[in-house]
Amino acid sequence: MGCALGLLFLAAPAAAQTVRPVIFEYGEKARGRFELVNDTLEPLNVVLDARSFTVSETGEISYRPLDPSIHLKLSTMSFRIPPQQSYLVFYEAWADKAPAWFVIYSNFTGYGFKTAEGMNIRLQLPHTVYLLPKQRVKKPAVAVRKAAYDAAAKKLVLRVENLSSDFGRCLAAEVTSRRNKITHNGFPMFPERPRQVEIAWESPEPPEKVTLRFADFTLEERVTAASQ
């Protein structure tokens, strides 16, 4: 299952580079590949760096060296991509205990221009890998702790907790009122961790219900006022 999570930029060159896919979910062992595209008119150097990460309850990501319990074999660690061409990186990965996750960063250098301060340009693009057993989080293990609408800030604050040791992924969060509906991007539910999401709501009438859609089930919760 592939889905987009986003890109981390240290600097943004005028011509875009691409990694695809950005995220991929495997079973307990991965045999995969990702493609790096150089859209510039100059050759670029790439160095790979694999790192483990932790996601806070509000979605901030903290990186660290790859955990020793995760085993990764890459087809290469550094290479050069000619202008307007792409390069495939192959890998195998497994963990002593699943679920597990990590990111492979592609560090692009070699741009023929610098920033206004005279610094060299460097770009990082992530390919994120999840190693997951067949068992995924079940409906009874997901608890909505808060679904409160802050009228002054025009946002819904949603707090959800995964009570199990299984990984899960909310595919989408739908917020509805009598006449309006918006769909917010989904988010991962890490084992035994809460997750808090803020969803902008511009309609003058307050939201009434939030629906969380997972692959095998949905959860519905009435929205309360933030002061309650």
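One can find the structure itself at the top, above this paragraph.
Below is a summary of the structure that appears in this document. (Residues numbered from 1 in each chain as written. Predicted model: local features only at pLDDT ≥ 70, side-chain atom pairs only at ≥ 80, totals over all residues. Heavy atoms only, no water.)

1. Regarding the overall build of the protein
How we decide: Counting from the N terminus, the helices are DSSP H or I runs at least four residues long and the strands are E runs at least two residues long. Buried means the residue's accessible area, taken with a 1.4 Å probe over protein chains only, is under 20% of the maximum for its type, while exposed means over 50%, and partly exposed covers the values in between. Per-residue and other accessible areas follow the Shrake-Rupley method at a 1.4 Å probe size, with only the shown protein chains counted as cover for residues.
A tally of regular secondary structure across the protein gives 0 helices and 18 strands. Taking all 228 residues of the protein together, 44% fall into the buried category. For the protein, the accessible surface area stands at approximately 12,200 Å², while carbon and sulfur atoms represent 50% of it.

2. Structural notes on the pairing of strand β16 (residues 209-213)
Worth spelling out the cut-off: Criterion used throughout: strands pair if DSSP finds at least two bridges between them.
Judged from the 5 bridges that link them, strand β13 (residues 168-176) and β16 form a sheet pairing that is antiparallel. From the neighbouring strand, Val175 faces β16, where its bridge partner is Val210. In the sheet, β16 pairs with strand β17 (residues 218-222) via 5 bridges, with the strands oriented antiparallel. For Thr211, the partnering residue across the bridge sits in β17 and is Glu220. In this antiparallel pair of consecutive strands, β16 and β17, the connection spans 4 residues.

3. Brief notes about the sheet that holds strand β15 (residues 194-200)
Here 4 strands make up an open sheet; going across it, the order is β15-β12-β11-β18 and the pairing mixed. Every interior strand has two partners, whereas the edge strands, β15 and β18 (224-225), have only one. In this sheet, β15 lies alongside strand β12 (residues 155-162) in antiparallel orientation, the contact comprising 7 bridges. Directly across from Val160, in β15, lies its bridge partner Arg195.

4. Side note on the pattern of salt bridges
Cut-off, in case you're wondering: Salt-bridge detection follows one rule: a side-chain nitrogen of Lys or Arg within 4 Å of a carboxyl oxygen of Asp or Glu.
All told, the structure shown has 14 salt bridges when counted by the stated rule. With its nearest N and O atoms 2.9 Å apart, the salt bridge here joins Glu174 to Arg213. Pair noted here: Glu174 is in strand β13 and Arg213 is in strand β16, with a separation of 39 residues, a long-range link. According to the relative accessible area criterion, Glu174 is buried, its value standing at 12%. Taken together, the shared-partner salt bridges connect Glu25, Arg136 and Arg169 into one network.

5. Considerations on unusual backbone geometry
Comment: phi is negative for the bulk of residues other than glycine, and the bulk of peptide bonds are trans. The peptide bond linking Arg20 to Pro21 adopts the cis configuration, its omega dihedral lying at -5°. Relative to the elements of secondary structure, Pro21 occurs in the loop between β1 (17-20) and β2 (23-26). Within the chain, Gln84 stands out as a residue other than glycine whose phi angle is a positive 55°. Relative to the elements of secondary structure, Gln84 occurs in the loop between β7 (78-81) and β8 (85-95).

6. Points about the sheet that holds β1
Applied cut-off: To obtain an axis, a line is fitted to C-alpha atoms, over the contacting stretch when the element is a helix, and the angle between two such axes runs from 0 to 180 degrees between their N-to-C directions.
Spatially, 4 strands are ordered β1-β3-β8-β6 in an open sheet, and the strand pairing comes out antiparallel. Each edge of the open sheet is held by one strand with a lone partner, namely β1 and β6 (70-74). When the angles between neighbouring strand axes are averaged without regard to direction, this sheet yields 25°.

7. Some words on the nonpolar core
Our working rule: The term nonpolar core refers to a set of buried residues drawn from Ala, Val, Leu, Ile, Met, Phe, Trp, Tyr and Cys, joined through side-chain atoms within 4.5 Å.
By size, the foremost hydrophobic cluster in this structure holds 36 residues, and its most contacted members are Phe34, Leu36, Phe108, Tyr130 and Leu131. Secondary-structure elements contributing two or more residues to this core are β2, β3 (29-38), β4 (44-55), β7, β8, β9 (100-109) and β10 (123-131). Residue contributions to this core peak at 7 residues, all from β9. Residues Val144, Trp201, Phe217 and Val223 belong to the second largest nonpolar core, which totals 23 residues.

8. Things to note about the packing of aromatic side chains
Given two aromatic rings, their pairing is described by the distance between the two centres and the angle made by the two planes. Keep this limit in mind: Any two of the Phe, Tyr and Trp rings considered here, Trp counted by its six-membered ring, make a pair once their centres fall within 6.5 Å; the pair's planes then place it as stacked at under 30 degrees, edge-to-face at over 60, or tilted in between.
Tallied over the entire structure, the rule returns 13 aromatic pairs. A centroid spacing of 6.1 Å and a plane angle of 45° characterise the contact between Phe34 and Tyr91, whose relative ring orientation is tilted. Of this pair, Phe34 sits in strand β3 while Tyr91 sits in strand β8, and the two are 57 residues apart along the sequence. When sorted by exposure, Phe34 lands in the same class as Tyr91, which is buried.

9. Section: the environment of Asp39
Along the chain, Asp39 falls in the loop between β3 and β4. The spatial distance from the C-alpha of Asp39 to the C-alpha of Pro83 is 6.7 Å, given a sequence separation of 44 residues.

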